Each structure stands twice: as structure tokens, then as C-alpha cells.
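Descriptive analysis of the structure
Okay, here's what each chain looks like letter by letter:
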Amino acid sequence: MVLGLMGTMAVSTHQRFDMNGRIRTAFFALVCIVALASWADDRDLYERLGTTLIYSNDFSNEEVNRLVAKGIASDDPAIVELTLDAIGVMAETTIVGMWLESSDILYGPSTVHTWPKRALADVPGLKTLLIQRFELEYEARDRQNFSYPQIEGFNMIESFAKMPGVQFIPAVLAIHWPGDDDVEKFLLDNLLPNDRKLRLLNAGGFTSAEANAVRMEAVTDDSIGRYVRIILSDDSEADEQELAESATLHRQREVRLHALQGLSLSRSPEAIPLLITLGIEWPLPAILESLDRYDDAELMPYRQDLKRMLSGMRMRMFSRDDLPEATARLQDFSSRYDDAPSGAPR
């Protein structure tokens, strides 16, 4: 009887252990399913953050910052990447949009300026984390090969979204921490290509002696073209070599303009004659904006050349509606003081 009872107890205990094991296994499986579902939901949320929410005026900065803080610290690499994409693509598109706007190309003033002004600098520790992540990612790479993001077609957001989010960290830092010493050091110390570094320094409004030294080096470096002229043949189709040379010259001229724009932020007098010379060849809103930062006394030695530059711009139909004021101010100045010799290099 005792043996029978013990046997019954043993069977019951074995069944109980087996049942508990099955319950634990089922519970673990359920937890995994719930976790996977939660990750899927989170990924969907962070995809929407990058495609719509971060650009929506109905989605507050507090909500954006909460998602960014959570996403950047996630254990799911996909969510970390989606978070970097969301904040990075918006920052990079803003910088490129500002450049296209100042060049009067493809962009009107109503595009990037209608987006909400995000406040990522309010996320505790985000600046340091982004700098560390960038340094870790590119520690073993040749940073000269970290080229400026290329745009495919006309949709920048879609084009940038296909690229690694870490690639846009410098843009995030420049846009959200303007004038910050740590960010300026990060931009100056990293061997980014000239055009990218200069754009980012300009976007962050950095005007230190160190930043201006980088700009002056670009302006005076003959290897990037001190005076660049782009002339294609009259043939209906230029050959590949001619197009390649033209593209190289155009990039050189852009580097020069980025450098001069940056020097004008601190009203460096060395930039005035060079801006005018470039403006005579390449009439752009960016030239007018840069020269408009200087007062009449600073422009006085160059009034004749300024008048010549403005006369060449008179036939241009800029799409921006904020340019006539700057143009009128410069034209009024040059007409009042047009009796002196030129000071700009020819």
C-alpha cells in the first residue's frame, strides 16, 4: 500500500514537473512572441517618426525627444538605426535645403522653413553619445572617403533614408548645437571632405579663428581653384571628359563659395573682394546675402566692382522674395558712391 502510494506520488510529482516545464516553455514562448510583437510595433513607430512625425507641427518636441532618448538607447539595433535616420535625415536635408535655397536651385524659401524647429539639445547626454558613436563607427576608416551624401533624383528625404544613419551625425550636431565648442572641435578634428566640413561649419554658425583659418585655407588654395570658370563647348553633347572636368570645377567653385560665406558670418574683410569677383562670374543669392552683412564703410573700397556685379545680376529672376531688399540696399550704396577706383581683384 505504501509502495503504491509512493508510486502514485512519484507519478504525480513527475507529471507536475513535466507540466510545470511545459508551462514555463509556453510562457517563455509567449514572452518571446510578445517581445517580437512589441519590437515590431516599436519599429513601426520609429519608421513613422522618420517619415512623418518629426516633420509634423502636430507632434511636439517633448514627444520627439522622448522617442529619441528611448530609441538611441534601445537594445534593438534596428530601432537605433531608425532613430539616427529620423534625426539625421531631417538635419541633413535642412542643410542641403539651405544651400539649394541660397543657390536659388530647386528649393523655395517655404520648404525647410515650414518644418518644426526641433530641440534635440534638450535630450540629456545626446550630444556626447552622438560624438562617441560617430568616432566609434569611423575609427578604423579613412574619413576622407566619408563623402558628402549624394542625392538621387529630387527627393532628398528618400535618398538620404537609404544611407546609414550614423553618416548624418555631423549634420545633427551642427544644426542642434550651433556655436558649441565640443561640436566645433569635432567638426574641425574630423577629416571630412572640404565641401562637407565648410557647409557644416556654416550651418552651425561657427566663427572662431580656427574655423576661419580652415575657410581661408580653402579660399587661398590654388589646388581647388582660386578663380574657377566653367565653359562647356558649343556642341549639343559634351564628351564625358569635358563633363567630368566641368563637374570637378563646379565642386571647386562651391567649396570656394562655402568658405567665403563662412568668412562673411564674422564680417572678415578679406572676403569682400573675393565675393564680388565670384559674384560677377556666378550671380547667386548667396553672394548677395553674404555681402549684405557688411556695412557701407567696409564695402566702400569696392563700390565700382559691386556696381558691376549688381548690373550683371539685374537680369536674373531669383525665386526668393527676400532678395530685393538686399539688392536694393547694395544698389543704393553703389550708386551713391560710384566715383572711386575699384578695389576688387580682376
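In this text the structure is predicted, and so the values were computed from the model without any measurement. (Residues numbered from 1 in each chain as written. Predicted model: local features only at pLDDT ≥ 70, side-chain atom pairs only at ≥ 80, totals over all residues. Heavy atoms only, no water.)

**What about the overall build of the chain?**
Regarding its fold elements, the chain presents 15 helices and zero strands. The buried share of the chain, taken over its 346 residues, is 45%. Long-range contacts, defined as pairs at least 24 residues apart, comprise 74% of the intrachain contacts of the chain with a sequence gap of at least 6. Per element, the accessible surface of the chain, about 18700 Å² overall, is 56% carbon and sulfur. (Helix = DSSP H or I, 4+ residues; strand = E, 2+ residues; numbered from the N terminus. Buried < 20%, exposed > 50% of the residue type's maximum accessible area, 1.4 Å probe, protein only. Contact = heavy atoms within 4.5 Å. Areas by Shrake-Rupley, 256 points an atom, 1.4 Å probe, with all protein chains shown as cover.)

**What about the environment of Met313?**
Considering the arrangement of structural elements, one finds Met313 in helix α14 (residues 303-313). Taking C-alpha positions, Met313 is 8.0 Å from Ile280, a pair spaced 33 residues apart along the chain. Met313 has contacts with Gly279, Pro283, Leu284, Ile287 and Leu288, leaving out every residue within four places of it along the chain.

**Describing helix α4 (residues 126-137)**
The terminal C-alpha atoms of α4 lie 16 Å apart, and with 12 residues this matches the ideal 16 Å at 1.5 Å per residue to within 8%. Buried within α4 we find Leu126, Lys127, Leu130, Ile131 and Phe134. Summarising the axial view, the buried residues of α4 lie within an arc of 135 degrees, below the 170-degree limit, and thus occupy one face. Residues Gln132 and Leu136 are exposed on α4 and point more than 90 degrees away from its buried face. Looking at the buried side of α4, the elements it contacts are α2 (61-72), α3 (77-102), α6 (169-176) and α7 (181-189). (Expected span 1.5 Å × (residues − 1). Arc of directions from axis to C-beta.)

**Re the packing of aromatic side chains**
Under the definition given, this model contains two aromatic pairs. Just above the ring of Trp282 sits the side chain of Arg253; from NZ or CZ to the centre is 4.0 Å. (Phe/Tyr/Trp six-rings, centres within 6.5 Å; stacked < 30°, edge-to-face > 60°. Lys NZ or Arg CZ within 6 Å of the ring centre and 35° of its normal.)

**Section: the environment of Leu299**
Relative to the elements of secondary structure, Leu299 occurs in helix α13 (residues 296-299). We classify Leu299 as buried; its relative accessible area is 0%. In sequence terms Leu299 and Pro269 are 30 residues apart; their C-alpha atoms lie 8.8 Å from each other.

**Some thoughts on the confidence of the model for the chain**
Parts of the model with low pLDDT should not have their predicted coordinates read in detail. Within the chain, residue pLDDT values average 77, and 66% of them lie at 70 or more. Looking across the chain, the model is least confident in helix α1 (residues 2-51), with a mean pLDDT of 53, and most confident in α6, with 96. Low confidence marks residues 1-14, where pLDDT is under 50. Its contacts with residues over four positions away, or in another chain, come to zero contacts. Counting contacts from residues 22-39, a segment whose pLDDT is below 50, to residues more than four positions away or on other chains yields one contact. (pLDDT = per-residue confidence, 0-100.)

**Here we look at the pattern of salt bridges**
Throughout the structure, instances matching the rule amount to 13 salt bridges. One salt bridge connects Glu92 with Arg196, and the closest N-O pair in it is separated by 3.1 Å. Of the two residues, Glu92 sits in helix α3 while Arg196 sits in helix α8 (residues 194-203), which places them 104 residues apart along the sequence. On the basis of relative accessible area, Arg196 is assigned to the buried category, the value being 0%. (Salt bridge = Lys/Arg side-chain N within 4 Å of Asp/Glu carboxyl O.)

**What to know about the nonpolar core**
Core analysis: the largest hydrophobic core is formed by 80 residues, its most contacted members being Leu130, Leu187, Leu257, Ile287, Leu291, Leu306 and Met309. For this core, the element with the most residues is α3, which contributes 13 residues. With sequence-adjacent residues up to four places away left out, Leu130 is seen in contact with Ile72, Leu84, Ile87, Ile169, Val172, Leu173 and Trp177. (Core = buried A, V, L, I, M, F, W, Y, C linked by side-chain atoms within 4.5 Å.)

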